[in-house]
Amino acid sequence: MVLAAIVVPLVVATVVGLVVLWPGSSSLVGSQPFAAEGTSLETATVTSLDVADCREAAQSLGGTAGDGLLTDAVCARITSGAGQGLVLPVHIPAESLSSADVGDRLSVMYTPAALSSGTPYVFVDYARQLPVAALAIVYLLLVVAVAGKKGALSVLGLVLSSAVVLLFMIPALLDLASPMWVTLVGASAMMLLAVYIAHGISVRTTTALLGTIVGVVITVVLSLWGVEAANLTGATEDASLTLASLVPGLSLRALLTCGMVIAGLGVLNDVTITQASAVWELHAANPSLGRARLFTGGMRIGRDHIASTVYTLAFAYAGTALPLILSASLIDRAVVDTMLSGEIAEEIVRTLVSSIGLVLAIPATTAIAAALCRTTAVPQDAPTARSVRAARARRSR
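Residues numbered from 1 in each chain as written. Predicted model: local features only at pLDDT ≥ 70, side-chain atom pairs only at ≥ 80, totals over all residues. Heavy atoms only, no water.

### Topic: the confidence of the model for the protein
The predicted structure's coordinates, where accompanied by low pLDDT, should not be read in detail. Averaged over every residue, the pLDDT of the protein is 80; the share at 70 or more is 88%. With pLDDT under 50 throughout, residues 378-382 is counted as low confidence; its partners more than four residues away or in other chains account for one contact. (pLDDT = per-residue confidence, 0-100. Contact = heavy atoms within 4.5 Å.)

Shown next as structure tokens:
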């Protein structure tokens, strides 16, 4: 009843928040065209890495393409659009050319006005649908095979949580709704869906949910303070600057704060679920353990969680920012100044904020779980563990 009194208002508040903040028809999602007027997005398959194999085909178009245009090009069979079936040169930027191989499927931009140049098809990206779909299928099969029904439900929870991000959070942020409220409501909705669908409705699951909410609140408060105190702007990447120019009024600092909260959400939920389960297993093994003993026993396990997940976050962020770190290392600059530069400082603050929220969520979850376990009183004449061990020792003699 106590948990219901806490969770039901949380669910109601989340639903109300979704209704109030739900983006209207004015959302900017899809408002920017992908291709310029007069161009079309087509598909192609690489047939040769030597553009000389299709140079004559380019000349047959009436083009006058010189070596400069064909230097970074491959031969590809066009598989859609007006040029379907033709093998023509496709220009690929040098940074993407090294990954090209015969048989690779490409997404290309067709520009009819460039026919005279002999290279009307320009590389856009590699087609990755097949390998990504194959990995997704293997992942799904392994999760179901190893974790059974609970694994399938966890995948369903992941899909629904992702839908919250795609259908609510992104459109609402682009609709200039309050980024912090969008993040709080979205995080709450994601956790309610993911936790209860994957683990079912129970006191144990609700305990983990409450521990996660505690961690989220701590992370929000710390991220707000950290961004302000460290004078982080969120305007350190080209994508952020482009976004700011396309969406006037969007606060990059608020967006940076939201990213800090969402980035640590998965790991935070992971440790609260396992911590709540650890306390309940201790209780199941010995129902007579008092709440203080349950808390201290759970925290012994929690310390291992803290030790492992803290560097997990650090390694994850370091891996994400590796190109940035390598680029910064090339500059002749003091190490401290490099680490505290805007781009890297964002990652450091993100790691510290998420880690603090994670560390404090573990004792909070443990305390909630210990308080909710129904301990069983031990009769005064019941044998103690010490007397049982002594009796076994006497029998062994």
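Right, picking up where we left off after that structure.
### Some words on unusual backbone geometry
Phi angles above zero are rare outside glycine, and Leu176 is one such case at about 65 degrees. Overall, Leu176 belongs to the partly exposed group, its relative accessible area being 44%. Despite not being glycine, Asn231 shows a phi value in the positive range, around 55 degrees. Looking at where Asn231 falls in the secondary structure, it is placed in the loop between helix H7 (203-229) and helix H8 (238-246). On the accessibility criterion, Asn231 (61% relative accessible area) is exposed. (Buried < 20%, exposed > 50% of the residue type's maximum accessible area, 1.4 Å probe, protein only. Helix = DSSP H or I, 4+ residues; strand = E, 2+ residues; numbered from the N terminus.)

### What about empty space enclosed by the protein?
Tallied over the entire structure, the rule returns one cavity of 30 Å³ or more. Considering only enclosed or pocket space, the largest cavity measures out at about 60 Å³ in volume. Lining the largest cavity are Val216, Thr219, Val261, Gly264, Leu265, Val267, Leu268, Leu313, Ser354 and Leu358. Secondary structure elements with two or more residues in the lining of the largest cavity: H7, helix H10 (265-285) and helix H14 (342-372). If one sorts the elements of the lining of the largest cavity by residue count, H10 sits on top with three residues. The class makeup of the residues in the lining of the largest cavity is seven nonpolar, three polar and no charged. (1 Å grid on protein atoms, 1.4 Å probe; cavity = no way out; pocket = protein on both sides within 12 Å on 5 of 7 lines; lining within 4 Å. Points joined across faces, edges and corners; volume = space filled by probe spheres on them. Nonpolar A, V, L, I, M, F, W, Y, C, P; charged D, E, K, R; others polar.)

### Describing the layout of surface pockets
It is the rolling of a water-molecule-sized probe over the atoms that shows where space remains empty. The computed volume of the largest pocket comes to approximately 430 Å³. Along its surface, the largest pocket is lined by 20 residues, and Leu158, Met191, Ala194, Gly266 and Asn269 are the ones closest to its centre. Those elements that provide at least two residues to the lining of the largest pocket are helix H5 (129-174), helix H6 (179-199) and H10. Residues that form the lining of the largest pocket fall into these classes: 11 nonpolar, eight polar and one charged.

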